[in-house]
Amino acid sequence: MRVGVIAALAAVAALLLVSLVAGERDRGGPAAERVVPDFDQDAITGLEIRRSDEQAVRLERGDDGGFAMTSPRRVAADPRAVGDLLGALEMVAVQRRGEAGRELGEPDAELRVEFSGERRMSLAIGDEIEISDQVWMARGEEVFLVEGHYARALAPSATDLADGRPLREVAEATALTVETDRGRLEIELGPPAFVVLPEGRARADSEAVRDVVRAVRELEFELDAEKASAGGPASEGGVPAAAASLAIAAEGEDAWFEVVGACGGGARVVTSAGRGCADAGDVAAVAELVDEPEALVLPPFARAWREVGSDGAITAIDVKRGDESLELRREDGGFSGPGGRVSPARVRELLRKLAERTGEPRPIFANGGAEHAGGAPAATGRPAIAIELIREGGDDEVIHMVRGDGSWLAARADEPVAFTLRGDASELITATEHDFEPRALVTREPHALRSLRRTRPGAPAAHDAEVIARGQLIGEYEVKRPAGRVLRGAATERAASAIARLRASRFASERPTPGQGLDPPLASIEAEFDPPPRAGAAAETVVIEVGAEAAGGCYARKGDAPVAVIPAETCEALTAPWTDAEPP
């Protein structure tokens, strides 16, 4: 009995489900019938829209897969507008069916669709039912009601479909030219990109070029309804003197944009997409790019400091100063010089500082010949320094530095633009191999320190040395020498921390020189550390010599390494008294 009841209920549920699905179809819900069944966008080769109030609009698919308008004018089609049209064609659904020849009336518009294989389809768009925002549509003898917004999307005008941004694809062009009455800007888009200046070509800053391309490609105008004149830019000899001054051409894309007058509050333009009106502010923003083309030039060291740490970018750096030279070669992720390994971090730091110091550019020939800026001599003689940056796969650069107007100028050897280095350029001018050595002189933990012995050459024999050693607890020390002294706890902790993490601010010279206070040193410190945490390692002894004061600190030397300058607080920790006389 219960089985029969369950079976009956299941049958009723099935009938209700069928009714619901059928209702959804009638209302154009998820299961609604599409006006264009089995829609295949890629199979569409052409579209034609016939409206009663204007000429037919025809779109044809090109070899690149995109659509272009061929009637009433031959212009580029807006990809967004074409996408909206195709999307509406795919999604328009039957809301309700009608009788042929009755509800449709006289069609207001017709959309003809051409498919590959010479298949065609025509959709007639008729009267609108305003109260429900629905429109009657016919496909052949079939008549049905569709949602009004789909019907309107299927009959756009030529103005709706024409691309209002004629330079949209300028990034694909080979060159870009912007010309105003203030000057001319020409960029070879590359990659790499170059700025063409009156004196010659110069490497362009990729970020600056992106900004220019973005401003140009976003130039938008409202297309006029009348047919635009065919051919190229309106003025053969440049922009008319009486008009707002801007002319843009994108070589390789057959796209151009030219201001020919004013229209209301905007700029009257003629473009590769037709005539129209553009926003005056947008036009002015692009025109301003021409004022300082040198601002687009890439500073000589701007790429180098970023690339020196990336895989496979810079493989060698050769620095030549007259008859002297310094060669750095990349090996196993690091760099090596004549005396062995050097620090990649130091190489990056030096190049970064040079990039940060690079000032505003100015036209100047700095390639070893006669230099000039604006017709007046600015620098003479051969380059004081030549730096060759060798990159994997080519694209090498040679950077010359010359003296001019009391400051140092840097320029690529084959470019007519130099940059004034900010501040003191002595880091590069006096650079030797030790300038690229790691600045971390000692890298141990303070608790690994066993003992400290400090001697002061020339001091009385009874007071020539202080010796402190680790006690029973971590961080605890005791006085070993001189006798009868007590420990200064805070001073000892500072000394242990300073010696364990000793770091140079900079390097001063390869060997001690007079005035550095290192021959003999003012103080010599011998630090003994526990063996490093590796099998078979022995205890480590480090000798640090501390010398005279220097700018920012004092001179110091670790063993036979180059003379370094260490920070003032480190000097204080290493030279301050560690012990006091024992109280009576």
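Everything below is about the structure shown above.
Residues numbered from 1 in each chain as written. Predicted model: local features only at pLDDT ≥ 70, side-chain atom pairs only at ≥ 80, totals over all residues. Heavy atoms only, no water.

Bringing the layout of surface pockets into the picture now. Space inside the second largest pocket adds up to approximately 510 Å³. Taken together, 25 residues line the second largest pocket, and the ones lying closest to its centre are Ala204, Asp205, Ser206, Glu207 and Arg210. Elements with a contribution of two residues or more to the lining of the second largest pocket: helix 5 (206-217) and helix 7 (304-307). Residue contributions to the lining of the second largest pocket peak at seven residues, all from helix 5. (1 Å grid on protein atoms, 1.4 Å probe; cavity = no way out; pocket = protein on both sides within 12 Å on 5 of 7 lines; lining within 4 Å. Points joined across faces, edges and corners; volume = space filled by probe spheres on them. Helix = DSSP H or I, 4+ residues; strand = E, 2+ residues; numbered from the N terminus.)

In this section: the pairing of strand 6 (residues 109-115). Counting buried residues along strand 6, five of its seven residues qualify, which places the element largely inside the surrounding structure. Where strand 1 (residues 44-51) lies against strand 6, seven bridges are found, and the strand directions are antiparallel. Each bridged residue has a counterpart across the sheet, and for Arg51 the counterpart in strand 6 is Ala109. Strand direction decides the pairing type here: strand 6 and strand 7 (residues 119-129), joined by seven bridges, are antiparallel. Considered in strand 7, the bridge of Phe115 is made with Arg119. Between strand 6 and strand 7, which follow one another and run antiparallel, lie three residues, and Gly117 among them has a positive phi close to 85°. (Buried < 20%, exposed > 50% of the residue type's maximum accessible area, 1.4 Å probe, protein only. Pairing = 2+ DSSP bridges.)

Turning our attention to the sheet that holds strand 4 (residues 75-76). Taken in spatial order, the nine strands of this open sheet run 4-3-2-1-6-7-8-9-5, and their pairing is antiparallel. Each edge of the open sheet carries a strand with a single partner, namely strand 4 and strand 5 (96-98). In terms of strand pairing, strand 8 (residues 134-139) meets strand 9 (residues 142-147) through six bridges, oriented antiparallel. Residue pairing for strand 9: Gln134 is matched across the bridge by Glu147. Its contacts with the sheet place helix 2 (residues 79-91) against strand 1, strand 2 (57-61), strand 3 (67-71), strand 6 and strand 7, and it is angled at close to 90° to strand 1. (Contact = heavy atoms within 4.5 Å. Axes fitted to C-alpha atoms, helices over the stretch in contact; angles between N-to-C directions.)

Moving on, we get to the state of the cysteines. Here the structure, examined in full by the defined rule, presents two disulfides. One disulfide in the model links Cys554 with Cys571; its S-S distance is 2.0 Å. A torsion of -100° about the S-S bond marks the disulfide between Cys554 and Cys571 as left-handed. Linking Cys554 in strand 37 (residues 553-558) with Cys571 in helix 11 (residues 568-575), this pair joins segments that are 17 residues apart in sequence. Residue class for Cys554 comes out buried when judged on its relative accessible area of 5%. Counting only the cysteines that take part in disulfides, in the order they occur along the protein, gives the pairing 1-2, 3-4. (Disulfide = S-S within 2.5 Å.)

A few words on empty space enclosed by the protein. Under the definition given, this model contains one cavity of 30 Å³ or more. Where the lining of the largest cavity is concerned, the elements lending two or more residues are strand 19 (314-321) and helix 8 (344-357). For the lining of the largest cavity, the element with the most residues is helix 8, which contributes four residues. Across the lining of the largest cavity, the residue classes break down as 10 nonpolar, no polar and no charged. (Nonpolar A, V, L, I, M, F, W, Y, C, P; charged D, E, K, R; others polar.)

Attention now moves to the environment of Arg439. If you trace the backbone, Arg439 turns up in the loop between helix 9 (426-429) and strand 30 (449-455). Within the structure, Arg439 has its side chain in polar contact with the backbone oxygen of Ser505 (distance 2.4 Å). (Polar contact = N/O pair within 3.5 Å; in protein donor to acceptor, adjacent residues only side chain to side chain.)

A sheet is described by the order of its strands in space; here nine strands give the open sequence 13-12-11-10-15-16-17-18-14, paired in antiparallel fashion. Each edge of the open sheet is held by one strand with a lone partner, namely strand 13 (200-203) and strand 14 (221-223). Each strand of the sheet is rotated relative to its neighbour by a mean of 25°, with strand direction disregarded. For strand 12 (residues 194-197) and strand 13, the ladder comprises four bridges, and the chain directions are antiparallel. Bridging across to strand 13, Val195 finds its partner in Ala202. Of the strands in this sheet, strand 10 (175-180), strand 11 (183-188) and strand 15 (247-251) touch helix 5, which is tilted by about 70° from strand 10.

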